[in-house]
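# Report on the structure
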Amino acid sequence: MSSTTAVPWKSALVWVMAIIVAIAVAGWFAVSCSPGKTNAERPVSEEEAALLAGMRERNLGSEPVAVRMSVPMDGETVIADGYLDWQIPMLYARVPDGEGFQLVQAIPSLIATRADDEAAFAELRVPEDGWTTRQMLSSADTPLETTIDILASSLFTLTAEEADDPAELAEQATWREEGIIDGEPVDSFRAPIMVETDEAAAGEQAEASPEALYSLDSRGDLRRFQVNTGETSLSAVDFLRDVGFDPSGLEPVDLLGGPTIEPGAVDADLAAAIAEVRKGNWSKTAEAELTVPTADGQVTTGKGSIDWRTMTAYLHLTDASGQRLFLARPGGYATLAVEGDELPENPPAEDWVTHALTDEDVAESFGPVESLVFRLLEMAAEEADDPDAISEAAYLLRVDEREDETLHVVEFPVAGDAAAAPGQSAYRYHLAGERLHEVEMMTYFGVASAELAYEDFPMVEIPWSVAEKIG
């Protein structure tokens, strides 16, 4: 698939096995067949096996679709409406939460949630702020969250770049019954959850052997998908293929990676611009605004300055534990707990907790916030980068148009970066010409970002006791 929102912080295999285990734990056979149905099942024909085998490839080439999820919960059925983009893949839904509704976005391995915005959802608009993220499956707090996680995860197995093997499906699948869904005749099949694993995981997949019900129309379009999520009846997703809508607003929020990327080579002009970015920052200062997912349901925000003249970051940070000031230089960083939302013009003189990068225990306190800030400091250099080397190693991910400004979203290696496949780098850069507009960093809990606005700031007067420790 050429277009993808990268999820480099967690391997696809780990996510796939989590799906398999979750569905297998729920079980299948206790609810798979009602009385009298067992004898009605039969092996699939060659034509039916071929129809099933082409389903996932067909889905990948399909336009986004409206969905309705029906989830059994404590003897009742919970209904949630949403939209599924097969290609990213991403689910955007409005889900009951016991007290009302919440908005949910899901991509493989991650869930983002925020307070309800019924008007935005009705307009198929995704609010920009108020979102937090959590790991899918492992971090659910309620039975409904767990069920939605399993169902969303299962939906993401329904696409593939190539057709599945009809011979395998002929052996594994069974025909169950005919029916009518949205006025369309369908055939329902019981078949394994179709996922790709490596050979080492194949045995575990076979042992778990989770199954689902697939209801296909005569064209091979999937009309209903049902899976056991641990209740006395199956959870179901109906694909409302006759519901028309404008999918242009159906994009992941920034914490999930933002709009779709399509990695491609950079041309000579863009390579030359990228090569000048760090040199251009060498004598500059900028205001920085940070948003960093740090744990399930927790986001750290920050605002302050980056001074590349003195290689100093000075920020006010807010997270679940309160507020703190943050100073960083190439040799380390320091924090100071404070009250209030203001960043003092000059850092206080005392009570800083310092961490030199050479300290043996520095790793215990070095997290995604620190990683992002130090990457910002690394975005300055005395000499320009080699445009020929940039041309070979950089990738253009997408082009955004914002406020009469063209932003090129790119990735390119900085010294020490691990090698990565196109679109899978740990860092992405938004460039307006030769100026750095934003740095994104992939984390275990989503995508962290630092937005930059170039301004002239006076040099920060760092207390000597702090400067002595951090450089």
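Structure: above.
Notes on the structure follow. (Residues numbered from 1 in each chain as written. Predicted model: local features only at pLDDT ≥ 70, side-chain atom pairs only at ≥ 80, totals over all residues. Heavy atoms only, no water.)

## Quick look at the overall build of the protein
Just so we agree on the cut-off: Elements are defined by DSSP. Helices are runs of H or I of four residues or more, strands are runs of E of two residues or more, and each kind is numbered from the N terminus. Throughout, a contact is declared for two residues whenever any of their heavy atoms are within 4.5 Å. Every accessible area reported is derived by Shrake-Rupley at a probe size of 1.4 Å, with residue values counting cover from the shown protein chains alone.
The number of helices and strands found in the protein is 12 helices and 24 strands. A separation threshold of at least 6 residues defines the contact pool for the protein, and within that pool the share at least 24 residues apart is 62%. Accessible surface computed for the protein: about 21400 Å², of which carbon and sulfur atoms make up 47%.

## A word on the sheet that holds strand β9 (residues 184–192)
Threshold: Strand pairing requires that DSSP identify at least two bridges connecting the strands. Between the N-to-C directions of two axes lies an angle of 0 to 180 degrees, each axis being a line fitted to C-alpha atoms and, for a helix, fitted only over the stretch in contact.
Here 12 strands make up an open sheet; going across it, the order is β1-β8-β9-β10-β11-β12-β2-β3-β4-β5-β6-β7 and the pairing antiparallel. If you trace the sheet from one side to the other, it starts and ends with β1 (42–43) and β7 (132–135), each paired once. Where strand β8 (residues 174–181) meets β9, seven bridges bridge the pair, whose relative direction is antiparallel. Of the residues in β9, the one forming a bridge with G179 is V186. Set on the sheet, helix α6 (residues 143–155) makes contact with β2 (65–73), β3 (76–85), β4 (90–96), β5 (101–107), β6 (110–115), β7, β11 (222–227) and β12 (235–240); between it and β2 the angle comes to about 140°.

## Concerning α6
Spelled out, the test is: Expected helix span is computed as 1.5 Å times (number of residues minus one). Here the term buried applies to any residue with accessible area under 20% of the maximum for its type, exposed to any over 50%, and partly exposed to those in between, with areas from a 1.4 Å probe on protein chains only.
In this model, α6 (13 residues) spans 18 Å end to end at C-alpha, consistent with the 18 Å of a helix rising 1.5 Å per residue. Burial analysis of α6 places 10 of its 13 residues in the buried class, the great majority of the element. What α6 keeps buried is the set L144, T147, I148, D149, I150, L151, A152, S153, S154 and L155.

## So, the nonpolar core
Our working rule: Nonpolar core, defined: a set of buried Ala, Val, Leu, Ile, Met, Phe, Trp, Tyr and Cys residues in which side-chain atoms within 4.5 Å join the residues together.
Of all hydrophobic cores here, the largest spans 46 residues; its most connected members are L91, L158, Y214, F225 and F239. It is α6 that contributes the most residues to this core, six residues altogether. In terms of nonpolar packing, the next biggest core, distinct from the first, is built from 43 residues, L377, A380, V439 and A450 among them.

## A few points about the pairing of strand β17 (residues 322–329)
Of all eight residues making up β17, seven are buried, and the element is well covered by its neighbours. Counting the residues between successive antiparallel strands, the hairpin from strand β16 (residues 312–319) to β17 contains two residues. Count of turn residues in the β17/strand β18 (residues 332–338) antiparallel hairpin: two residues.

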